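Here is how the chains run, residue by residue.
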Amino acid sequence: MSTIDLVFTAALADDVRATAVRGLSVAVQGLAGCETGALKAQSGPNTGILIVLTGVGPEAAREAACWIRDHLTPRFVVNLGTAGALHRNIGTGVWITPRSVDNEAGDSIPVDTRLPFPWPCRLTRNVEGKLLSVRDPRPGRPHPEWLSRDYVDMECHAQAAVFADTGIAFHTLKWVSDVPGVAAEEMFAATLPDLRLAVQEIFGFVVQREPARISVVIPVHNRVERIAATLQSVLDQSLPASELIVVDDASDDGTRELLTRYADAITVVQLPANRGVSAARNAGVSAASTDWIAFLDSDDHWTLDN
């Protein structure tokens, strides 16, 4: 089963400015790399996020989307890239989230304008308009029949059609790179530095960090028959706790002696007199060296990795 929750698709590396996500442990793969199993080597704190470079055009976009649908089944897909404005009153260098995407045959698909990641408050995002996906976008020279829409790209509709009715939420986020009547290549090149900075901000929600350090605190009083299973359920987790603190609330049934068997794996706090579970938990918290605490009762257990 795939562990990828969020997939960004982009036609080209320039669309995501791959340098903007370097060092974030986010995999950036072409479809060929995905098909040959390159994702199996992915590791790190952000392994639930993937950027797939699909290649240019509707056929390449559709092929990549079908592979994502059939092999990853993520919760969310975001088509990230550039689009041209179809009207001169629409500015360049802004992000848009259109409400629908059409193809040249007139088929229209609504697009979820909510994004599945936090949006940087400094960046402007216009949630409006219609996007048209075409084979030849004619940069700077839109066809008159297109002008009932607002923006034009090449890939979005092909992907939206693949993910429709699959349970995979599809979103699109486009950077407006050119407007009609202006040399598109020069305008696109002029906006690239701003695009690079904007992509860095977008992926600001992805941070390079170590897993959170967590202390597990278990208060215990006279649980010699149960405490071993409780401890083992914590020690068996694939992501180990930073420390396992057992507060012995003056047990007199052999619990103290049993705890010595785990001396290498746990920290024991011994209370001189029975003070109750709340006082025992507080003593465990005082002994903890991490910012996060998880409490577990001495007659309970954790199922594996849940």
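Here the structure is a predicted model, which means the values were calculated and not measured.

Re the sheet that holds strand E13 (residues 243–248)
The 4 strands are arranged E14-E13-E12-E15 in an open sheet whose pairing can be described as parallel. Two strands lie at the open edges of the sheet, namely strand E14 (267–270) and strand E15 (292–295), each paired on one side alone. Each adjacent strand pair in this sheet contributes to an overall mean axis angle of 25 degrees, direction not counted. Direction of pairing for strand E12 (residues 214–220) relative to E13: parallel, over a ladder of 6 bridges. Residue pairing across strands places serine 215 opposite glutamate 243, the latter belonging to E13. Running over the sheet, helix H6 (residues 227–235) touches E12 and E13 and is turned about 175 degrees from E12.

So, the pattern of salt bridges
A complete count under the given rule lists 9 salt bridges for this structure. Arginine 149 is paired through a salt bridge with aspartate 102; the nearest N and O atoms lie 2.9 Å apart. Placement of arginine 149 in the loop between strand E9 (130–133) and strand E10 (151–153) and of aspartate 102 in strand E6 (residues 100–103) is noted, with a sequence separation of 47 residues between them. Here arginine 149 falls in the buried class, since its relative accessible area comes to 13%. For lysine 174, the salt bridge is made with aspartate 153, and the minimal N-O distance between the two is 2.9 Å. Of the two residues, lysine 174 is situated in strand E11 (residues 169–178) and aspartate 153 in strand E10; the sequence distance between them amounts to 21 residues.

Considerations on helix H8 (residues 277–287)
Taken together, the buried positions of H8 are Ala279, Ala280, Ala283 and Gly284. Projection of H8 onto a plane perpendicular to its axis shows the buried side chains occupying an angular sector of 140 degrees, all on one side. Across H8 from its buried face, at more than 90 degrees, point the exposed residues Ser278 and Asn282. For H8, the elements touching its buried residues are E12, E13 and E14.

What to know about the packing of helix H3 (residues 58–71) against helix H4 (residues 156–163)
Running from N to C, H3 and H4 point in directions that differ by 30 degrees, and their axes come no closer than 8 Å. Judged on the interaxial angle alone, H4 and H3 are roughly parallel. Relative to H4, the crossing made by H3 is right-handed. Side by side, H3 and H4 meet where Pro58, Ala61, Arg62, Ala65, Cys66, Ile68 and Arg69 of the first sit next to Ala158, Gln159, Val162 and Phe163 of the second. In terms of residue class, the contact of H3 with H4 is made up of 8 nonpolar, 1 polar and 2 charged.

Some words on the environment of leucine 296
Relative to the helices and strands, leucine 296 resides in the segment after E15. With relative accessibility at 4%, the residue leucine 296 sits in the buried group. Taking the C-alpha atoms as reference, leucine 296 lies 5.2 Å from isoleucine 218; in sequence the two are 78 residues apart. Setting aside anything within four residues of it in sequence, one finds leucine 296 in contact with Val216, Val217, Ile218, Pro219, Thr230, Ser233, Val234, His301 and Trp302.

Rules and cut-offs
Residues numbered from 1 in each chain as written. Predicted model: local features only at pLDDT ≥ 70, side-chain atom pairs only at ≥ 80, totals over all residues. Heavy atoms only, no water. Pairing = 2+ DSSP bridges. Helix = DSSP H or I, 4+ residues; strand = E, 2+ residues; numbered from the N terminus. Axes fitted to C-alpha atoms, helices over the stretch in contact; angles between N-to-C directions. Contact = heavy atoms within 4.5 Å. Salt bridge = Lys/Arg side-chain N within 4 Å of Asp/Glu carboxyl O. Buried < 20%, exposed > 50% of the residue type's maximum accessible area, 1.4 Å probe, protein only. Arc of directions from axis to C-beta. Parallel < 35°, antiparallel > 145°, perpendicular 65-115°, else oblique. Left-handed = near helix turned anticlockwise from the far one by under 90°. Nonpolar A, V, L, I, M, F, W, Y, C, P; charged D, E, K, R; others polar.

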